[in-house]
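Spelled out from the first residue to the last, the chains are:
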Amino acid sequence: MPYPFDLPALGYAHDALEPHIDTRTMEIHHGKHHAGYTSKLNGALEAHPGLHGKSAEDLVRDLSALPEAIRGAVRNNGGGYLNHALFWDVLTPGGASAPSGALAGAIDTACGSFAEFKARFQATAGGQFGSGWGWLCTDGDGALSVIATANQDSPYMQGLTPILGVDVWEHAYYLHYQNRRPDYLEAIWSVVNWDVVARRYAAAVSA
Ligand code: MN
């Protein structure tokens, strides 16, 4: 969906991820932070009608094609818009607590086991210095990788498709976990919906 971008509605209540992610964090994170990235992305694009037909994914995939005056704004706010939309989607409560099928096999191939994947993900996301994200990504052939990005950079910017993302900016966890990012990254597995991650993987591989 192109410009003007709308703040995606949460598919669940603000308190649905308690006690792992607290209600107040969800209200501020979705209603203020994600809303801010969305409106700033629209603001950057407003005076560039030639870009109004592009999806957010296409905008951040090729930042070098954008006018220099808005490249930084689209990098930060287009990334922020996309990253948070994925985050809310994969955190939908009540889904599968572990991967199955083709995704489970690909995780075993990449990491050895689901337990080793989780340890690698937590180490990678936990080790991101300052603000950023932890990701499980796929390339066009279905191979998986675990990476971290700084700020609001998206895996699309390096040619990868994100299928799971976890926000490690302090605004994502500080009210409940304060400085304890590792505790947040341990708790997040209780609310990751692997049905959604598997659907995103299948869509990326068949694209
Ligand atoms: Mn965030």
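See the structure above.
Here is what the cut-offs are and how they apply
Here the residue numbers are simple positions, counted from 1 along each chain's written sequence. Residues qualify for local features only when their pLDDT is at least 70, as the model is predicted, and side-chain atom pairs are given and counted only at 80 or more; totals for whole chains, interfaces and linings, by contrast, use all residues. The side-chain numbers reported here are obtained from all heavy atoms of the structure, hydrogens and water having been left aside. Each Phe, Tyr or Trp ring, with Trp reduced to its six-membered ring, pairs with another whose centre is within 6.5 Å; inter-plane angles below 30 degrees give stacked pairs, above 60 give edge-to-face pairs, and intermediate values give tilted ones. Strands here are runs of E lasting at least two residues and helices are runs of H or I lasting at least four, both read from the DSSP assignment and numbered beginning at the N terminus. Each residue gets one of three labels from its accessible area relative to the maximum for its type: buried under 20%, exposed over 50%, partly exposed in between, using a 1.4 Å probe on protein chains only. A pairing counts as a salt bridge when a side-chain nitrogen of Lys or Arg comes within 4 Å of a carboxyl oxygen of Asp or Glu. Grouping buried Ala, Val, Leu, Ile, Met, Phe, Trp, Tyr and Cys residues that are joined through side-chain atoms within 4.5 Å yields what is termed a nonpolar core. Contacts: residue pairs with any heavy atoms within 4.5 Å of one another. Metal donors: N, O and S atoms at distances within 2.8 Å, or within 3.2 Å for Na, K and Ca, with water omitted from the atom set so that some sites may seem incomplete. Each axis is a line fitted through C-alpha atoms, taken for helices only over the stretch in contact, and angles between the N-to-C directions span 0 to 180 degrees. Should an angle fall under 35 degrees it is called roughly parallel, over 145 degrees roughly antiparallel, and 65 to 115 degrees roughly perpendicular, with every other angle called oblique. The hand of a helix crossing depends on one turn: near helix anticlockwise from the far one by less than a right angle means left-handed, and clockwise means right-handed. Three categories are distinguished: nonpolar for Ala, Val, Leu, Ile, Met, Phe, Trp, Tyr, Cys and Pro, charged for Asp, Glu, Lys and Arg, and polar for the others, with Gly belonging to the last. Only strands joined by at least two bridges in the DSSP assignment are considered to pair.

Glancing now at the packing of aromatic side chains. For the structure on display, the rule yields 13 aromatic pairs. With a centroid separation of 5.5 Å and an interplanar angle of 85°, the aromatic rings of Phe-87 and Trp-133 are classed as edge-to-face. In this pair, Phe-87 sits in helix 3 (residues 68-90) while Trp-133 sits in strand 1 (residues 132-138), placing the two residues 46 residues apart along the sequence. Judged by relative accessible area, Trp-133 falls into the buried class, the value being 0%. Ring centres of Phe-114 and Phe-117 lie 6.1 Å apart, and the angle between their planes is 15°; this geometry places the pair in the stacked category. Of the two residues, Phe-114 and Phe-117 are both situated in helix 5 (residues 114-126); the distance of 3 residues between them amounts to about one turn of the helix.

Using the criterion set out here, one finds 6 salt bridges in the structure. Note that Arg-75 is salt-bridged to Asp-153, the shortest N-O span being 2.8 Å. A residue pair is termed long-range when its members are at least 10 positions apart, and Arg-75 in helix 3 and Asp-153 in the loop between strand 2 (144-150) and strand 3 (161-167) qualify at 78 residues. Judged by relative accessible area, which is 15%, Asp-153 ranks as buried.

In this section: the nonpolar core. Among the nonpolar cores identified, the biggest contains 44 residues, and Leu-91, Phe-117, Leu-136, Leu-164, Tyr-184, Ile-188 and Trp-194 are the most heavily contacted of them. Apart from the residues within four sequence positions on either side, Phe-117 is in contact with Ile-107, Cys-111, Leu-136, Val-146, Leu-164, Trp-189 and Trp-194. Among the nonpolar cores identified, the runner-up in size contains 15 residues, and Leu-45, Leu-51, Leu-59 and Leu-82 belong to it.

What follows deals with the coordination of the manganese ion. The protein atoms that coordinate the manganese ion are His-29 (NE2), His-84 (NE2), Asp-167 (OD) and His-171 (NE2), at distances of 1.9 to 2.1 Å. Sequence spacing among the residues donating to the manganese ion works out to H-x54-H-x82-D-x3-H.

Where helix 4 (residues 101-111) contacts helix 5, the axes come no closer than 8 Å and their chain directions differ by 65°. When the axes of helix 4 and helix 5 are compared, the pair comes out roughly perpendicular. As helix 4 runs across helix 5, the sense of the crossing is left-handed. Residue-level contacts link Ile-107, Asp-108, Ala-110 and Cys-111 of helix 4 to Phe-114, Glu-116, Phe-117 and Arg-120 of helix 5. When grouped by side-chain class, the residues that make up the contact of helix 4 with helix 5 number 5 nonpolar, no polar and 3 charged.

This brings us to the pairing of strand 3. Most of strand 3 is tucked away: 6 of the 7 residues are buried. The pairing of strand 1 with strand 3 spans 6 bridges and is classified as antiparallel. Counted as the bridge partner of Leu-136 is Leu-164 from strand 3.

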